[in-house]
Amino acid sequence: MRRPPGCPVRGPRQVGAALAGLAASARHELLTFDDPSGCAGRAIPEPFLELAGACVRAAAERAGAVRRIVPRHALPHITGAPRAPGQARLADAIPFKMIVVDRTVAAVPLDLELLYNGMLLIRDPVVVQALVRTHHTCWDAGEELTPDHRAPDALPERLRPVLDALLAGLTDETAASRLGMSGRTYSRRVGELFAALGTTSRFRAGAEAARRGWV
């Protein structure tokens, strides 16, 4: 029987072990779609975030070539952070989070967003090569991320209604309904706002927004 294209991995401990295995196996190339702002506002334990970050950094240091693609809205989260190994480019958006090691194995979150919620380890060569091609297409269309990039000083217009909803003390469900968004889209926008403000606390978000003159 032909082996399945992917193996699901669930549970923080199991996901952490799988990421460590990927890091240890890296030799030649590391391709990623990464959204550093995706964890903002999510109840993810700090030890898991530290482990996941350490695994990706270890893989990047082992690999000879590293190409990282990040969405433009995550730029505030990247600015001021230690420079990661390899090259990075900005894209208007990424289709999902992803790690591809040596074009032989890929890891994609089961919900396409957070590895903490489980991931799919993919070794089927056809599927892996399809993911590599997707990455190459986005890479060719991306903008080189350089030290000259800086976080924007102004609040992005699309996040203004989200900030207003947070300051009004609305629940996520009520705010999403009033803004005509799905709950998932609203949560993503809240994460973008937190990343722009450099915090994961709603109270601190309001204080930081006031400090910047956004309210």
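Residues numbered from 1 in each chain as written. Predicted model: local features only at pLDDT ≥ 70, side-chain atom pairs only at ≥ 80, totals over all residues. Heavy atoms only, no water.

## A closer look at the packing of helix H1 (residues 12-25) against helix H2 (residues 46-62)
- Packing of H1 against H2 leaves a shortest axis separation of 8 Å and a crossing angle of 15°. Judged on the interaxial angle alone, H2 and H1 are roughly parallel. Helix-helix and strand crossings are classified by hand; for H1 and H2 the assignment is left-handed. Contacts from Pro12, Val15, Gly16, Leu19, Ala20, Ala23 and Ala24 in H1 reach Phe48, Leu51, Ala52, Cys55, Ala58, Ala59 and Arg62 in H2.
- Here the contact of H1 with H2 is composed, by residue class, of twelve nonpolar, one polar and one charged. (Axes fitted to C-alpha atoms, helices over the stretch in contact; angles between N-to-C directions. Helix = DSSP H or I, 4+ residues; strand = E, 2+ residues; numbered from the N terminus. Parallel < 35°, antiparallel > 145°, perpendicular 65-115°, else oblique. Left-handed = near helix turned anticlockwise from the far one by under 90°. Contact = heavy atoms within 4.5 Å. Nonpolar A, V, L, I, M, F, W, Y, C, P; charged D, E, K, R; others polar.)

## Comments concerning the packing of aromatic side chains
- What the rule picks out here adds up to two aromatic pairs.
- With 5.7 Å between their ring centres and 85° between their planes, phenylalanine 33 and phenylalanine 96 make a pair best called edge-to-face. Taken together, the residues span a long stretch of sequence, with phenylalanine 33 in strand E2 (residues 29-33) and phenylalanine 96 in the loop between strand E4 (87-91) and strand E5 (98-101) at a distance of 63 residues. Taken as a pair, phenylalanine 33 and phenylalanine 96 share a single burial class, namely buried. (Phe/Tyr/Trp six-rings, centres within 6.5 Å; stacked < 30°, edge-to-face > 60°. Buried < 20%, exposed > 50% of the residue type's maximum accessible area, 1.4 Å probe, protein only.)

## Observations regarding the sheet that holds strand E1 (residues 6-9)
- Across the sheet, which stays open at both edges, the eight strands sit in the order E1-E7-E6-E5-E2-E3-E4-E8 with mixed pairing between neighbours. The open sheet has two edge strands, E1 and strand E8 (143-144), and neither has a second partner.
- Taken together, the four bridges between E1 and strand E7 (residues 119-122) define a ladder with antiparallel strand orientation. Considered in E7, the bridge of cysteine 7 is made with leucine 121. (Pairing = 2+ DSSP bridges.)

## A look at the pattern of salt bridges
- Considering all chains together, one arrives at eleven salt bridges under this definition.
- The shortest N-O distance in the salt bridge between aspartate 34 and lysine 97 comes to 3.6 Å. Placement of aspartate 34 in the loop between E2 and H2 and of lysine 97 in the loop between E4 and E5 is noted, with a sequence separation of 63 residues between them.
- Under the relative-accessibility criterion, aspartate 34 is labelled buried at 19%. (Salt bridge = Lys/Arg side-chain N within 4 Å of Asp/Glu carboxyl O.)

## With respect to the nonpolar core
- In this structure, Leu19, Leu30, Met119 and Leu121 are the most contacted members of the largest nonpolar core, which totals 24 residues.
- Of all the elements in the fold, those that place two or more residues in this core are H1, H2, E5, strand E6 (105-109) and E7.
- Apart from residues lying up to four places away in sequence, leucine 121 is in contact with Pro5, Gly6, Cys7, Val9, Ala18, Leu22, Val105, Ala106 and Ala107.
- Judged by nonpolar contacts, the second largest core, of 17 residues, contains Ala176, Val190, Ala196 and Ala209. (Core = buried A, V, L, I, M, F, W, Y, C linked by side-chain atoms within 4.5 Å.)

## Here we look at the pairing of E6
- The buried fraction of E6 amounts to five of the five residues, a majority that puts the element mostly inside the structure.
- Along E6, one buried face is formed by Val105, Ala107 and Pro109 and the opposite face, lined by Ala106 and Val108, is buried too.
- Where E5 folds back onto E6 in an antiparallel hairpin, the turn is made up of three residues, including aspartate 102, whose phi is positive at roughly 55°.
- Here E6 pairs with E7 via four bridges, running antiparallel. Across the sheet, valine 108 pairs through a bridge with leucine 120, a residue of E7.

## Details of the environment of threonine 185
- Positionally, threonine 185 belongs in helix H7 (residues 183-197).
- Polar contacts involving the side chain of threonine 185 include one to the side chain of serine 182, which spans 2.9 Å. (Polar contact = N/O pair within 3.5 Å; in protein donor to acceptor, adjacent residues only side chain to side chain.)

## Digging into helix H4 (residues 125-141)
- Relative to the 24 Å expected for 17 residues at 1.5 Å per residue, H4 spans 24 Å between its end C-alpha atoms, a close match to the ideal helical length.
- Of the residues making up H4, those classed as buried are Val128, Leu131, Val132, His135, Cys138 and Trp139. Down the axis of H4, the smallest arc covering the buried residues is 125°, so these residues share one side. Exposed side chains of H4 directed beyond 90 degrees from the buried face belong to Val126, Arg133, Thr137, Asp140 and Ala141. (Expected span 1.5 Å × (residues − 1). Arc of directions from axis to C-beta.)

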